[in-house]
Amino acid sequence: MDTKNINNSRRDFLKTLSIATTATLLTNPSSLLALTPVSKIKTLSTSLRLPTNSNCEITAIGRSKVEVRFPYDKGYLTAGRNAFRDEDDLTNYLLEAFLMERDEKGGMRGSVRCISAYQRIDSNGKSIFTFDDPILDLITDENGIFTISGTRVNAKDIILANERESTSINKSALVDGKLTKNLVSKASFTASQSIPSEVFFPSSGASRRIRFKAYRDVFPGSWRAGANIKTRRLDFVSASITGHYALDTFSCAEVKVDTDSDTTDNFLNEFEFGVNSPPASGVLSECRALWDGNNLSETLAKGCIVS
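Now for a description of the structure that goes with this document. Computed from a predicted structure; not experimentally measured.

Calculation rules
- Residues numbered from 1 in each chain as written.
- Predicted model: local features only at pLDDT ≥ 70, side-chain atom pairs only at ≥ 80, totals over all residues.
- Heavy atoms only, no water.
- Buried < 20%, exposed > 50% of the residue type's maximum accessible area, 1.4 Å probe, protein only.
- Helix = DSSP H or I, 4+ residues; strand = E, 2+ residues; numbered from the N terminus.
- Pairing = 2+ DSSP bridges.
- Disulfide = S-S within 2.5 Å.
- Core = buried A, V, L, I, M, F, W, Y, C linked by side-chain atoms within 4.5 Å.
- Contact = heavy atoms within 4.5 Å.
- Phe/Tyr/Trp six-rings, centres within 6.5 Å; stacked < 30°, edge-to-face > 60°.
- Lys NZ or Arg CZ within 6 Å of the ring centre and 35° of its normal.
- Salt bridge = Lys/Arg side-chain N within 4 Å of Asp/Glu carboxyl O.
- Axes fitted to C-alpha atoms, helices over the stretch in contact; angles between N-to-C directions.

**Concerning the pairing of strand β18 (residues 267-275)**
With nine of nine residues buried, β18 lies mostly within the body of the structure. Burial along β18 is two-sided: Phe-267, Asn-269, Phe-271, Phe-273 and Val-275 facing one way and Leu-268, Glu-270, Glu-272 and Gly-274 facing the other are all buried. Here strand β6 (residues 108-115) pairs with β18 via eight bridges, running antiparallel. Bridge pairing in β18 links Gly-110 to Phe-273.

Rendered as structure tokens:
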């Protein structure tokens with residue numbers, strides 16, 4: 001099934017359902033807990049928007065979770081500020097668009113669901129490097145760099161180094177009705193890499209493909225962990241990600257599970273992030289998609305193996 005030419009009325013209907021569901025929550029604020037940020041109180045009734053030029057819509061879907069939805073095939077954002085006095089300055093900047101709550105160590109932590117692929121552009125409208133992450137794309141310059149407490153952080157280099165240490169798998173075309181596996185390792189297997197962090201169908205070099213990817217990246221003062229599903233030249237009919245998280249520095253015990261889904265689209269991203277917060281020690285993500293007539297299902301991991 002080629003979903004490139006998507007029925008716009010169906011997409012608008014799905015979007016209306018999402019807005020209607022959120023509106024139902026907002027009409028009953030007594031059932032929702034308030035969020036206490038660094039310098040002010042925010043609740044789910046607060047208007048959220050990226051503090052930069054972008055055409056995404058941001059909707060609160062939990063006390064510390066938002067959905068960032070870009071218009072299909074037309075999404076964009078420009079980089080915002082990339083220098084911050086300290087972690088509190090960064091937190092307050094992010095609170096303009098994202099919800100967070102205090103963790104057990106006094107830091108701030110939140111969740112994001114990002115829908116539909118988008119471009120990051122410069123002030124002249126030219127496409128520049130994107131992390132496929134609306135937070136990192138917001139707070140870094142066109143080279144993927146930000147500064148916090150006087151420290152220059154090259155987030156792009158950190159992520160690329162993590163990817164070189166990851167394990168990627170290509171899956172070839174269907175043979176006798178079954179997908180055959182071709183292992184393409186970017187690094188030698190270790191115990192923590194016994195589960196791949198990236199899988200391509202049918203392969204990374206195919207003109208039409210889908211990719212499942214788990215990630216965990218730690219920067220000075222902040223971190224992110226999660227997974228995304230991204231297609232090229234052929235949309236998925238449906239996709240879902242269930243993330244199992246170990247949210248402390250030492251233990252790999254599961255302390256949080258989060259599930260997100262999408263239909264007739266090209267990108268779904270589900271992740272946790274934190275500022276001045278102990279980084280997630282691991283993420284185990286169950287990724288599923290109906291794509292090109294195939295029901296695809298893979299378990300990915302990054303960091304320690306969550307149990």
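**As for the state of the cysteines**
Under the defined criterion, the tally for this structure stands at one disulfide. The partner cysteine of Cys-252 in its disulfide is Cys-304, sulfur to sulfur 1.6 Å. Highlighted residues: Cys-252 in the loop between β16 (236-246) and β17 (256-265) and Cys-304 in the segment after β20 (294-303), separated in sequence by 52 residues. We classify Cys-252 as buried; its relative accessible area is 18%. Looking at the unpaired Cys-56, the closest cysteine sulfur is the one in Cys-114, lying at 7.9 Å. On the basis of relative accessibility, which here comes to 15%, the residue Cys-56 falls in the buried class.

**Quick look at the nonpolar core**
General note: in soluble globular proteins, nonpolar side chains tend to be found buried as a group. Residues Val-68, Leu-94 and Phe-98 are the most contacted members of the largest nonpolar core, which totals 38 residues. Sequence-distant contacts of Phe-98, defined by excluding residues within four places in its chain, comprise Leu-48, Leu-50, Val-66, Val-68, Val-112, Pro-134, Ile-135, Leu-138 and Phe-273. Residues Val-199, Ala-214, Ile-229 and Leu-234 belong to the second largest nonpolar core, which totals 19 residues.

**Examining the packing of aromatic side chains**
Applying the stated criterion across every chain yields a total of seven aromatic pairs. Between the aromatic rings of Phe-201 and Phe-212, the centroid separation amounts to 5.4 Å while the plane-to-plane angle is 65°, which identifies the pairing as edge-to-face. Of this pair, Phe-201 sits in strand β13 (residues 198-201) while Phe-212 sits in strand β14 (residues 209-219), and the two are eleven residues apart along the sequence. Here the two residues Phe-201 and Phe-212 agree in accessibility, since each one is buried. An aromatic cluster of at least three residues, connected via ring pairs, comprises Phe-98, Phe-271 and Phe-273. A cation over an aromatic ring shows up here: Arg-81 above the ring of Tyr-93, its NZ or CZ 5.2 Å from the ring centre. In this structure, Lys-156 packs its charged tip against the face of Phe-129, placed 4.5 Å from the ring centre.

**What about the pattern of salt bridges?**
Here the structure, examined in full by the defined rule, presents 18 salt bridges. Among the ionic pairs, Lys-65 bridges to Asp-258, the shortest N-O distance being 2.9 Å. Of this pair, Lys-65 sits in strand β2 (residues 65-69) while Asp-258 is found in strand β17, placing the two residues 193 residues apart along the sequence. Both residues of the pair, Lys-65 and Asp-258, count as buried. Glu-104 is the partner of Arg-109 in a salt bridge, and the nearest nitrogen-oxygen pair spans 3.8 Å.

**A short note on the environment of Val-66**
Mapped onto the secondary structure, Val-66 falls in strand β2. Residue Val-66 is classed as buried on the basis of its relative accessible area, which comes to 0%. The spacing of Val-66 and Cys-114 is 48 residues in sequence and 8.5 Å in space, taken between C-alpha atoms. For Val-66, the contacting residues outside a window of four places in its chain are Leu-48, Ile-58, Thr-59, Ala-60, Ile-61, Ala-97, Phe-98, Leu-99, Ser-111, Val-112 and Arg-113.

**Let's talk about the sheet that holds strand β4 (residues 83-84)**
Spatial strand order, β4-β9-β10: three strands in an open sheet with mixed pairing. Edge strands, defined here as strands with exactly one partner in the open sheet, are β4 and β10 (151-154). Across four bridges, strand β9 (residues 145-148) lies against β10 in antiparallel orientation. When the sheet's bridge partners are listed, Ile-145 is paired in β10 with Asn-154. Its contacts with the sheet place helix α4 (residues 155-164) against β9 and β10, and it is angled at close to 45° to β10.

Functional significance is not addressed by these values, which are geometric in nature.
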